[in-house]
Amino acid sequence: MTAPSLEKGVRRRFRKRWLFAIYAILLLASSLVRLGQGHGADPSPDQQVVTVDPCVASARLKGRVEIACMDLRKQEGETPFLLIHGSPMKSYDLRGLAESLAGQARVITPDLPGFGRSTRKVPDYSFQAHACYLDQLLDALDAGPVHVIAYSQGGGPALQLWARNPEQVRSLTLVSSIGPIEFELLGHYTLNHALHSLQLGMIWLVETLVPHFGWLDGMMLNTAYARNFQQSDQRPLRDILGRIDVPVLILQGRDDLLVPPGAAVEMHRLVPQSELELLEGGHLLALTEGERLAGRIVDFTAAVERGEGVQRAAASPERIERAARPFDPSTVEAASGFAMVVLVVLIALGTLVSEDLACIAAGLLAAHGILGFLPAVVGAFIGIFFGDLLLYEAGRHIGRPAIRRAPLRWFFREEAIDQSAQWFARRGPAVVLASRFIPGSRLPTFFAAGMLHTRFWSFFGYFLAASLVWAPLLVWVAMKVGSRLIDLFETYRVVTLYALIAVVVILWLMFRLIIPLFSFKGRRMLLSRWRRLTRWEFWPMWIFYPPVLGYIAWLGVRYRGWSTFLAANPVIPYSGFIGESKRAILDAIGERDPWLARYDVIPRHLSAEEKEERVVAFLDRLGISFPVVLKPDQGQRGQGVAVVRSVHEVESYFRVARPDTLVQEYVSGSEFGLFYYRLPGRPRGRIFSITEKRFPVVVGDGVHDLEHLILKDRRAVCMAPFYLARHRDQLETIPEEDEAVQLVELGTHCRGAVFFDGMWIKTRELESAVDAIAQSFPGFYFGRFDVRAPSVEEMKKGRGFKVLELNGVTSEATHIYDPSNSLWTAYGALMRQWRIAFRIGAMNRAAGVKVPRLADALREALHFRAAPEA
């Protein structure tokens, strides 16, 4: 990666992070604004507010729901009108019709809860719940029996109001009203409910993830509208229509695309006393033809008032007999023109929710006579074929990149994916065709086909062939078998889904838990996993560090600046926050050369052969031999550090592109981490923490191989995956009896070293020696020296140790990883460490040191993360 491309990548990633941060702030602010807006009624000047109890279906709960309501009283003495709007609407949308009716009698026009200016959030938006609200509203207004006029979706609450309290309904007028479920969308509750659930999910996601500060909540297509459709059930309406006994007027537009005229015809059949008028126009008759409709409604209700309205019992015997017959699809006129196109598109979109259910819906529409067989097949085929291609392309463009990132990369290996691709290429046709007959299997199958980068044109043909067979077959079967197929499919799908889940769980338990229990290695690897899970010292940083980060944030508030700690070491860029140059730090304390492990730098721009030559020249110049240490000039947590013992190992190390690298003499002996700090202006510094770093060993018995010894050791088993991977070429070697095999050579906890509290070696002489080294580096106040000493006794006297490197402000007091320390002891030590860092930074700031910006430090961190891995 070249420097310009690296800079460009860093800028792009930094810009993305800033954009995400801005988005997160806006989203949080939007959420807070929405929470503060409240959901109570906000009536217009011509509305009154009526408080009722909240309802769930037919039940009433404790609480308050406010209904904003227009109550037009231009004419007293007659039976009032109750005008119910549809969804997504509000009472004001029907104002023209309401004012035209007000000349005849009192007109009550409420905003149904969840809509308009009534309470926006209610526990239930169903037909039954809205009927409950309307019943309470009429009681509160002392309205008595009313002539109910329901438009569109309002027909559901109107019918449920009669079913709930027949005494409240004097007559019923249905204008462009919904009715039997067979005429709604795909003609079946399960299918329609799936579409409405998808719609609700999409609207909820938009309202939740888009910072809109409440603006979208007031839009027509909001969550309340979507919940109203998702929670409403039209199945009971056929039964209610078969029992209602008050006079009924049905007004329907001939060109209605939302509620087909066939719905009005079927309601007219089910209600033998009803009157039906098919008018010129579409679904918006109540909004555009209010005065015209009002005249017809007034004539109808006037007849009811005169006692001329027809009750069910008084209907003609022929119509009563017809109403008792079952639904006959052959009497329904099939959709044509634009209405047919709408249904075909709905079927195609329905396949995105469930392909099989959409095909069944297409068959049911054809069986009910609402849609022809050929258009039904075309809609199903288009949806299935292009849906399959979308899944394939999603897997192709999203799948592979996704499995290279956490968390998917924790579960999938590239080699396994490649093997699966080869298998899929051989078995592709059979897999695709088989998935057609296993509900729920197509999504993972076709997504996997794309993710495995199988050949597009081959699978294009497989998809086409499978769709051409499956779509017509299932639509034809649905036509013949009818709605019973949905019940069969639902049972089959649920059983299949649960069976597949059970198989996956059983296989996972079998391979992960049960089978390993039958072998020594399996049992010990399970123990290894358990100990890493239950011992905090092995937890990943993203689990362990959040409380510490919270404390750091509090320190930033206390010391009036979150970047205060960046002034702790003015001589080191960003005080050693990240990516500090080891060479620059060692060069700066070069005056104390006897204390330093000797080193040289190998620039990144050299070729691999030149780098190898530089290492050999370093050995010759110092008159030493292998081993030597190679490590990145800028690195963290032991990344890229290696102890090399031959020219061949040097060659292997530089075979991978490396950043600037330090070659350093290998110092034998014990390794310690000495955490030091000095308050500015104080004559002496202190050692805050000492970590004794031990390199675990296993002892041979002359019988068992190295793998067995690692797994058997009580401590080594905790890091068994790391040790086994590191020694994979020697695992079958059998060490001699009493032969000690050292498992690691680097003093890094996450790479296998064991850390202990080493304060037992602290002496005044050692502290003075460390203080002298630190003070030879002006501007350094806080950090950790990693040192090695051939003799601990000499080190306690302040002699004989060598400094390997010096880490800055983000280095840890690593004695916390002593296995005997509790989690709370570790947090206490880290919090004290950060408290000191902020205190030193504040003192330096007061002395005139310029504090770097935290944003710049974070940008540097991003740059460091974007650099090639060492």
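Residues numbered from 1 in each chain as written. Predicted model: local features only at pLDDT ≥ 70, side-chain atom pairs only at ≥ 80, totals over all residues. Heavy atoms only, no water.

**Re the overall build of the chain**
Short version of the rule: Secondary structure elements follow DSSP: runs of H or I of four or more residues count as helices, runs of E of two or more count as strands, with numbering from the N terminus. Between buried and exposed lies partly exposed: a residue is buried under 20% and exposed over 50% of the maximum accessible area for its type, with that area taken using a 1.4 Å probe on protein chains only. Whether two residues are in contact is decided by their heavy atoms, any of which lying within 4.5 Å being enough. Accessibility throughout is a Shrake-Rupley quantity obtained with a 1.4 Å probe, and a residue counts as covered only by protein chains that appear here.
A count of helical and extended segments in the chain gives 30 helices and 21 strands. Every one of the 870 residues in the chain was classed for burial, and the buried ones make up 49%. The long-range share in the chain, meaning contacts at least 24 apart out of those at least 6 apart in sequence, stands at 76%. When the accessible surface of the chain is split by element, carbon and sulfur atoms take 59% of a total near 41500 Å².

**Looking at the pairing of strand β14 (residues 661-665)**
Spelled out, the test is: A pair of strands is treated as paired once DSSP finds two or more bridges between them.
Burial analysis of β14 places 5 of its 5 residues in the buried class, which makes it a mostly covered element. Side-chain alternation along β14 places T661, V663 and E665 on one buried face and L662 and Q664 on a second face that is also buried. The pairing of strand β11 (residues 599-602) with β14 spans 4 bridges and is classified as antiparallel. Bridge assignment links V601 to a residue of β14, and that residue is L662.

**Let's talk about the state of the cysteines**
Definition in use: Cysteine sulfur pairs qualify as disulfides if the two atoms are within 2.5 Å.
Within the structure shown, the criterion is met by 1 disulfide. The residue that forms a disulfide with C55 is C132, at a sulfur-sulfur distance of 2.1 Å. Judged by the sign of its S-S torsion, about -55 degrees, the bond between C55 and C132 is left-handed. Taken together, the residues span a long stretch of sequence, with C55 in strand β2 (residues 55-56) and C132 in helix α3 (residues 127-140) at a distance of 77 residues. According to the relative accessible area criterion, C132 is buried, its value standing at 0%.

**Description of the environment of V33**
Mapped onto the elements of the fold, V33 is located in helix α1 (residues 3-37). In the structure, V33 is positioned 179 residues away from H212 in sequence and 9.3 Å away in space, judged by C-alpha atoms.

**A short note on the confidence of the model for the chain**
Detailed reading of predicted coordinates is not advised where the pLDDT is low. The line we're drawing: What pLDDT expresses is the predictor's confidence in each residue, scored from 0 to 100.
On average, residues of the chain carry a pLDDT of 84, and 84% of them reach 70 or more. Every residue in residues 1-6 scores below 50 in pLDDT, and together they form 6 contacts with partners more than four places removed in sequence or on other chains. Low pLDDT, under 50, characterises residues 866-870; the predicted model gives this stretch 11 contacts beyond four residues in sequence or across chains.

**What to know about the sheet that holds strand β8 (residues 169-175)**
Just so we agree on the cut-off: The axes used here are C-alpha line fits, helices contributing only the stretch in contact, and every angle between their N-to-C directions lies in the interval 0 to 180 degrees.
As summarised here, the arrangement of the 8 strands in space is β1-β4-β6-β5-β7-β8-β9-β10, forming an open sheet in which the pairing is mixed. Strands at the two margins of the open sheet, each flanked by one partner only, are β1 (48-52) and β10 (275-279). Between one strand and the next, the sheet's axes are offset by a mean angle of 25 degrees, whatever the strand orientation. Sheet strands touched by helix α10 (residues 290-305): β5 (81-84), β7 (146-151), β8, β9 (248-253) and β10. Its angle to β8, the strand with the most contacts, is close to 155 degrees.

**Description of the sheet that holds β14**
A sheet is described by the order of its strands in space; here 4 strands give the open sequence β11-β14-β12-β13, paired in antiparallel fashion. Each edge of the open sheet is held by one strand with a lone partner, namely β11 and β13 (642-644). With direction set aside, neighbouring strand axes in the sheet form an average angle of 25 degrees. Relative to β14, strand β12 (residues 628-632) runs antiparallel, the two being bridged by 5 bridges. Of the residues in β14, the one forming a bridge with P632 is T661. The sheet contacts of helix α23 (residues 608-622) involve β11, β12 and β14, and relative to β11 the element is tilted by about 165 degrees.

**Observations concerning the packing of aromatic side chains**
To describe a pair of aromatic rings, one takes the distance between the centres and the angle between the planes. Here is the rule we go by: Two aromatic rings, drawn from Phe, Tyr or Trp (for Trp, its six-membered ring), form a pair once their centres lie within 6.5 Å of each other, and the interplanar angle then sorts them: stacked below 30 degrees, edge-to-face above 60, tilted otherwise. Working rule: Lys NZ or Arg CZ, within 6 Å of ring centre, within 35 degrees of ring normal, means a charge sits over the ring.
Scanning the entire structure with this criterion turns up 26 aromatic pairs. When the ring of F722 is compared with that of Y723, the centres are 6.0 Å apart and the planes differ by 65 degrees; the resulting orientation is edge-to-face. Classification of Y723 as buried rests on a relative accessible area of 1%. Aromatic side chains W824 and Y827 sit 6.1 Å apart centroid to centroid with 50 degrees between the ring planes, which places their arrangement in the tilted category. Taken as a pair, W824 and Y827 lie in helix α29 (residues 823-846) at a separation of 3 residues, close to a single helical turn. Take W824: its relative accessible area is 67%, and that puts it in the exposed class. In this structure, R235 packs its charged tip against the face of Y189, placed 3.7 Å from the ring centre. The side chain of R694 reaches across the aromatic face of F756, ending 4.0 Å from its centre.

**Observations concerning α3**
For clarity, the cut-off: Expected helix span is taken as 1.5 Å per residue step, with the number of steps being one fewer than the number of residues.
With 14 residues, α3 ought to run about 20 Å at 1.5 Å a step, and its terminal C-alpha atoms sit 20 Å apart, in line with that. With 11 of 14 residues buried, α3 is to be regarded as a mostly interior element. Among the residues making up α3, those that are buried are F127, A129, H130, A131, C132, Y133, L134, D135, Q136, L137 and L138. One or two positions beyond α3, positive phi appears at D142, with a value near 55 degrees.

**Describing a positive patch on the surface**
Note the threshold: Exposure above 30% relative accessible area and the absence of a salt bridge qualify a residue for a patch, where like charges join within 9 Å and nonpolar side chains (Val, Leu, Ile, Met, Phe, Trp, Tyr) within 5 Å. Salt bridge criterion: a side-chain nitrogen from Lys or Arg within 4 Å of a carboxyl oxygen from Asp or Glu. His is not counted, nor are the chain ends; Lys and Arg add positive charge and Asp and Glu add negative charge. To locate a charge, the coordinates of NZ of Lys, CZ of Arg, CG of Asp or CD of Glu are taken.
Taken together, the side chains of R558, R686, R832 and R835 make up a positively charged region of the molecular surface. Relative to the elements of secondary structure, R835 occurs in helix α29. Taking relative accessible area as the criterion, R835 reaches 32% and is therefore assigned partly exposed.

**With respect to the pattern of salt bridges**
Any two side chains of opposite charge can pair if their charged atoms end up close together. On inspection of all chains with the given rule, the structure shows 40 salt bridges. Two residues, E182 and R238, come together in a salt bridge whose shortest N-O distance is 3.1 Å. Of this pair, E182 sits in the loop between β8 and α5 (189-209) while R238 sits in helix α7 (residues 235-241), placing them 56 residues apart in sequence. Via salt bridges that share partners, E671, K693, R784, D786 and R788 belong to a single interconnected network.

**Concerning the side chain of Q153**
To be explicit about the condition: Between N or O atoms, a polar contact is any pair within 3.5 Å; within protein, one atom must be a potential hydrogen donor and the other a potential acceptor, and residues adjacent in sequence are included only when both atoms are from side chains.
Summarising the element assignment, Q153 is placed in the loop between β7 and α4 (155-164). Polar side-chain contacts of Q153 include one of 3.5 Å to the side chain of N228.

**Focus on the nonpolar core**
This is how it is decided: Put simply, a nonpolar core is a bunch of buried Ala, Val, Leu, Ile, Met, Phe, Trp, Tyr and Cys residues held in one set by side-chain atoms that sit within 4.5 Å of each other.
Formed by 76 residues in total, the largest nonpolar core has its most connected members in L82 and V148. Counting residues per element, this core draws most heavily on α3, at 8 residues. What V148 contacts, discounting residues up to four positions off in sequence, is L82, I84, A158, L161, V169, S171, L172 and T173. Of all hydrophobic cores here, the second largest spans 38 residues; its members include I552, F688, V809 and A813.

**Quick look at the environment of S467**
Structurally, S467 is set in helix α17 (residues 456-481). In this structure S467 comes out as buried when scored by relative accessible area, which is 0%. Here the alpha-carbon distance between S467 and I384, two residues 83 residues apart in the chain, equals 6.4 Å.

**Digging into the packing of helix α21 (residues 546-558) against α29**
Definition in use: Should an angle fall under 35 degrees it is taken as roughly parallel, and over 145 as roughly antiparallel, whereas 65 to 115 is taken as roughly perpendicular and any remaining angle as oblique. When the near helix sits turned anticlockwise from the far one by under a right angle, the crossing is termed left-handed; a clockwise turn instead gives a right-handed crossing. Polar here means any residue other than Ala, Val, Leu, Ile, Met, Phe, Trp, Tyr, Cys and Pro, which are nonpolar, and Asp, Glu, Lys and Arg, which are charged; Gly is therefore polar.
As a packed pair, α21 and α29 sit with axes 10 Å apart at the nearest point and diverge in direction by 30 degrees. In terms of orientation, α21 lies roughly parallel with respect to α29. Viewed along their axes, α21 and α29 form a crossing whose handedness is right-handed. Residue-level contacts link P547, V548, Y551, I552, L555, G556 and R558 of α21 to Y827, L830, M831, W834, R835 and F838 of α29. Looking at side-chain class alone, the contact of α21 with α29 contains 10 nonpolar, 1 polar and 2 charged residues.

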